[in-house]
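# Architecture and fold: a report
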Amino acid sequence: MTENTHTNEPHVLPLSIYLGIGSILIFLTAGTVYAAGIDFGAYNLLIAMAIATIKASLVAMYFMHLKYDNKLYLLLFLSAIVFLAIFIVITMFDTLRRGDIYEIKSGAIRDAVIYDSLPADTTTHAIADSLSISTDTTDVVIDTTH
Amino acid sequence: MNKMPETHYLNCKKGIKSWLTTVDHKRIGILYLLSIMFFFFVGGMFAVLLRLELLTPDKLYIDSDMYNQFFTLHGAIMIFLFIIPAIPAILGNFILPIMIGAKDVAFPRLNLASWYIYMVGALFAVFSLVAGGVDTGWTFYTPYSTTTSTSVISITLGAFILGFSSICTGLNFIVTVHKLRSPGMTWFKMPLFVWGMYATALIQVLAAPVLGITLLLLIIERVVGIGIFDPAMGGDPVLYQHFFWFYSHPAVYIMILPGMAIISEMITAHSHKKIFGYKAIAYSSLGIAFASFIVWGHHMFTSGQSELAAMIFSFLTFFVAIPSGIKVFNWVATLYKGSIAFTTPMLYTLAFLFLFSIGGLTGIFLGALSVDIHLHDTYFIVAHFHYVMVGGTVIAFLGGLHHWWPKMWGRMYNETLAKISCGLIFVGFNMTFFTQFIMGAQGMPRRYHLYDEAFRPFHAFSTYGSWVMAVGFCLMAYYLIRSLYNGKPAGNNPWGALTHEWQITSPPPEHNFETIPITDHGPYDYDKVVAKSTLTEN
Ligand code: HEM
Ligand SMILES: [Cu+2]
């Protein structure tokens, strides 16, 4: 059985690895602080998150031994991240797109032409003709009083 | 005549203390049985009281505030204290280790701890009951739940703690199934009950933390007003619903998968037929576990979530029905040409097939976006989820209780009374809830205390149905308790079934098996192996 490949003895890494990883983490922390002072515009968040992700992965891999343990644990760990991603992404389909329907419905109003002076014939048909659109497709009443 | 074994897990150690400190999975199952059934009774009392109030369109004996508290407590107790833990914690604890040929679960102490955690969570829930009640509904929706003056904090804290109890049980089952299977018990020789429990455990471990964090956010919002759900501070009340249903839709499968797991056992054991489509049933449990995580927004079609999200969720929702459909068809195919014995567990199985199909199919109606706009928050929803949760899970649980009762206690109950009780519950259930489909489609909103005169006949009929059901449950309590004293000894294998638990004495010995059992045939090889019933032998 593949599940029994590791022994029950604690897995001990040489001190140098701990210190090495520790100093990389400190270095990256400094990187975060430094990057916070520079304005990358839209990339601000991306860069901060990228550094944080690298740090978190290092902690999980070395300090939490995921790199050396049974790969099943890695799979479990990653699946938790997948679930989190599903939750956030699908929720954003809602939060970022709320009210879109009004955008679509209001398109006709937004695109309507506003005249400086009244056309000679103010019936809807005449206006539609002058804009070369069909009256069947406009469900918007164009306000011609101004 | 069968005889009771001399020593077994029930009498090997004596005294209250031996029970409260036990690490035996069977005894822990019994502790759970007692405590969960107590809360089932409390939740049931609220149900009867609610239905009584709805007998007439106007106030009968409680005012509207009280009514709101009653349905909240009914819902919260039934969901968090009864239906979620019921099958895994009672029957799973008792049967799962024996089924895979193990002496106990992987972490016996954690198992006992989970029971204590459950009791602490229950205490908080009970505390909120005496400290003025709660009136938000079991879903605790913001913004109401952050502003009402009732004791929301203690009950959500209770649900939070109960979540940990679920996680402990789930974790324990996952490790047990991976590590403690006896020789020959390969993954595909596992009884389907174990597969169902395993899939449930996965959802519990993945989803319960989300509930925890949601309820914690709600508590923090109430106490210090961080504003995450408050638009005035840049928050979003609909976000709460995302959090809540991201847990709670998978949670409906935490409720139904164990029920389905029981059905697979009962349908084979009581028709002596090899299961049809073993792998399809096993994999569909995992399929359900996965699909259940991507459909939560179907509870939010009218919440103001974006139309895009609503369309995506509606589309995905239709997929969850597929694995459930696969199971139902496989069970029906299993019955074909089986030697069906109309024992009490089999009656419950048939009731399940009938009721769960109605519940599942109405779920499809609700998943259709435009139909749901009309039906949302009406009695149609109430009927839908009672058909799946009561018609599905509770019926399967009761069937399982009757199926394994002889194993738990070593004694049979009175079959005639059991069948009458099953019939009363089935008829009463349909009287109570089928009427609600009709009312709901006609526009009767849910969670209303007073209603229009036009709905009176439906509500009255529904209330009569609840009385029929109540009589059925009282009868059940009577004959089950009586069987403990004078039920006739069941022998090892009253149903002539093939899984491991039926090959040992009833009640089982303290450590389940004297020698480690070896699995040489599949759990449902009724075509190859003959097991005689210990009831009919003599
Ligand atoms: C066959 C697959 C299923 C489908 C397609 C389905 C679909 C739905 C939909 C669309 C709703 C939301 C209706 C609304 O609020 O407007 C709903 C509500 C609900 N369903 Fe299901 N469902 C299914 C199975 C289940 C199962 C197995 C359970 C429980 C064991 C369940 C329990 C519930 C509950 C509790 C609610 C109401 C929640 C509330 O608002 O309080 N459903 N279902
Ligand atoms: Cu759902």
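Residues numbered from 1 in each chain as written. Chains lettered and ligands numbered in written order. Predicted model: local features only at pLDDT ≥ 70, side-chain atom pairs only at ≥ 80, totals over all residues. Heavy atoms only, no water.

This part is about the environment of V48(B). Within the secondary structure layout, V48(B) lies in helix α2 (residues 25–53). Taking C-alpha positions, V48(B) is 25 Å from L375(B), a pair spaced 327 residues apart along the chain. (Helix = DSSP H or I, 4+ residues; strand = E, 2+ residues; numbered from the N terminus.)

A few words now on the coordination of the iron atom of ligand 1. Residues and elements named next belong to chain B. No other protein atom reaches the iron atom of ligand 1 as a donor apart from H384 (NE2), found 2.2 Å away. A distance of 4.5 Å spans the gap from the iron atom of ligand 1 to the copper ion (ligand 2). Among the secondary structure elements, H384 is positioned in helix α13 (residues 379–409). (Donors = N, O, S within 2.8 Å, 3.2 Å for Na, K, Ca; no water.)

Residues and elements named next belong to chain B. Those donors, H249 (ND1), H298 (NE2) and H299 (NE2), are the protein atoms that reach the copper ion (ligand 2), and they lie 1.8 to 2.1 Å from it. Along the chain, the residues that donate to the copper ion (ligand 2) are spaced as H-x48-H-H. Assessed through its relative accessible area of 5%, H249 is described here as buried. Owing to a relative accessible area of 22%, H299 belongs among the partly exposed residues under this scheme. (Buried < 20%, exposed > 50% of the residue type's maximum accessible area, 1.4 Å probe, protein only.)

The next point concerns the site of ligand 1. Residues and elements named next belong to chain B. What surrounds ligand 1 is a group of 21 residues, the closest being D372, H376, H384, F385 and R446. Side-chain polar atom of D372 to an oxygen atom of ligand 1: 2.7 Å apart, as the coordinates give it. One nitrogen or oxygen atom from the side chain of H384 is found 2.9 Å from a nitrogen atom belonging to ligand 1. If you list the elements that add at least two residues to the shell around ligand 1, you get α8 (237–269), α11 (344–367) and α13. (Near = heavy atom within 4 Å. Polar contact = N/O pair within 3.5 Å; in protein donor to acceptor, adjacent residues only side chain to side chain.)

Residue and element names in this part refer to chain B. Considering the arrangement of structural elements, one finds S18 in helix α1 (residues 16–20). S18 gets classed as buried once you look at its relative accessible area, which sits at 13%. Every residue in contact with S18, bar those within four places of it in the chain, is listed here: K13 and R27. (Contact = heavy atoms within 4.5 Å.)

Attention now goes to the interface of chain B and chain A. By convention, interface size is frequently given as the accessible area that disappears when the constituent parts associate. With 21 residues of chain B in contact, the opposing surface of chain A contributes 15 residues. Here R98(A) makes a salt bridge to D236(B), at a shortest N to O gap of 2.9 Å. At the boundary of chain B with chain A, the tally comes to 4 residue pairs in polar contact (both at pLDDT 80 or more). Listed by contribution, the elements that provide at least two residues to the side of chain B that touches chain A are α6 (152–179), α8 and α10 (307–335) of chain B. Residues that form the side of chain B that touches chain A fall into these classes: 13 nonpolar, 5 polar and 3 charged. (Salt bridge = Lys/Arg side-chain N within 4 Å of Asp/Glu carboxyl O. Nonpolar A, V, L, I, M, F, W, Y, C, P; charged D, E, K, R; others polar.)

On to the pattern of salt bridges, then. All names here are of chain B. Under the criterion given, the structure shown has 11 salt bridges over all chains. In this structure, D525 engages K274 in a salt bridge whose closest nitrogen and oxygen atoms are separated by 2.8 Å. Linking D525 in the segment after α15 (456–486) with K274 in the loop between α8 and α9 (278–291), this pair joins segments that are 251 residues apart in sequence. For D525, a relative accessible area of 7% translates into the label buried.

Here we take up the side chain of Q305(B). Residue and element names in this part refer to chain B. Within the secondary structure layout, Q305 lies in the loop between α9 and α10. Accessibility expressed as a relative area gives 4% for Q305, which makes it buried. Within the structure, the side chain of Q305 is placed 3.2 Å from the backbone oxygen of G297, a separation counted as a polar contact.

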